[in-house]
Amino acid sequence: MTYKGYLGSVAYSEKDQVFFGKIEGINGLVNFEGESVKELTDAFHEAVDDYLAYCQDEGIEPDKSYTGVLNVRLTPAIHRQIAMLARQAGLTINAYIKDALEEKVEAAVVG
């Protein structure tokens, strides 16, 4: 779900018979829930609006969600090498780059 540039996760609790989610990519935990898609959507919009109002009241800059889409500019030579390595690994270029970045980030966090 998206609203005002924010991304909301969505899950379903079979036990509680309710949809629930949180605003992704912000420094904080803002949850929302609803028993129908309409209720969930309305609750998500309200959660984003409340988060923005809170930030304004506190005089802090609101965090922005990340969509997970990233445009990376490469030289043609690197692009070609990545394409060949991805093909050898049986992956798409996107999957190969995603895996490489995840490994790099994990190494930086652990190291």
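Structure's up top.
Values in this document were obtained by computation on a predicted structure and should not be read as measured data.

Peer 1: Honestly, the nonpolar core in this entry has me stumped. Any pointers?
Peer 2: Most often, soluble globular proteins have nonpolar side chains that are buried together. Ile-23 and Tyr-51 are the most contacted members of the largest nonpolar core, which has 13 residues in total. Counting residues per element, this core draws most heavily on helix H1 (residues 37-58), which supplies seven residues. When sequence neighbours within four positions are dropped, the list of residues in contact with Tyr-51 reads Tyr-6, Ile-23, Ile-26, Val-30, Pro-62 and Asp-63.

Peer 1: Help me out: how do you make sense of the pairing of strand S5 (residues 31-34) in this one?
Peer 2: The side chains of a regular strand alternate, first on one face of the sheet and then on the other. Side-chain alternation along S5 places Phe-32 and Gly-34 on a buried face and Asn-31 and Glu-33 on a face that remains uncovered. Inspection of the sheet shows strand S4 (residues 18-24) paired to S5 by four bridges, in the antiparallel sense. If you follow Gly-21 over to S5, its bridge partner there is Phe-32.

Peer 1: Where do I start with the pattern of salt bridges in this structure?
Peer 2: Should the charged atoms of two oppositely charged side chains come close, the side chains can pair. Across all of its chains, the model carries three salt bridges by this definition. Residue Asp-42 pairs with Lys-38 through a salt bridge whose shortest N-O separation is 2.9 Å. A residue pair is termed a helical-turn pair when its members lie 3 or 4 positions apart in one helix, as Asp-42 and Lys-38 do in helix H1 at four residues. Glu-102 is the salt-bridge partner of Lys-98, the closest N and O atoms lying 3.0 Å from each other. Within this pair, Lys-98 and its partner Glu-102 are both found in helix H3 (residues 93-110), separated by four residues, close to a single helical turn.

Peer 1: Please clarify how H1 should be interpreted in this entry.
Peer 2: Helical periodicity: at 3.6 residues per turn, an α-helix aligns residues three or four positions apart in one direction. Helix length check: H1 (22 residues) gives 31 Å between terminal C-alpha atoms against 32 Å at 1.5 Å per residue, within 8%. Along H1, the residues that are buried comprise Leu-40, Ala-43, Phe-44, Ala-47, Val-48, Tyr-51 and Cys-55. Around the axis of H1, the buried residues are gathered within 140 degrees of arc, so they sit on the same side. Across from the buried face of H1, at angles greater than 90 degrees, the exposed residues are Lys-38, Gln-56 and Asp-57.

Reading guide: rules and limits
- Residues numbered from 1 in each chain as written.
- Predicted model: local features only at pLDDT ≥ 70, side-chain atom pairs only at ≥ 80, totals over all residues.
- Heavy atoms only, no water.
- Core = buried A, V, L, I, M, F, W, Y, C linked by side-chain atoms within 4.5 Å.
- Buried < 20%, exposed > 50% of the residue type's maximum accessible area, 1.4 Å probe, protein only.
- Helix = DSSP H or I, 4+ residues; strand = E, 2+ residues; numbered from the N terminus.
- Contact = heavy atoms within 4.5 Å.
- Pairing = 2+ DSSP bridges.
- Salt bridge = Lys/Arg side-chain N within 4 Å of Asp/Glu carboxyl O.
- Expected span 1.5 Å × (residues − 1).
- Arc of directions from axis to C-beta.

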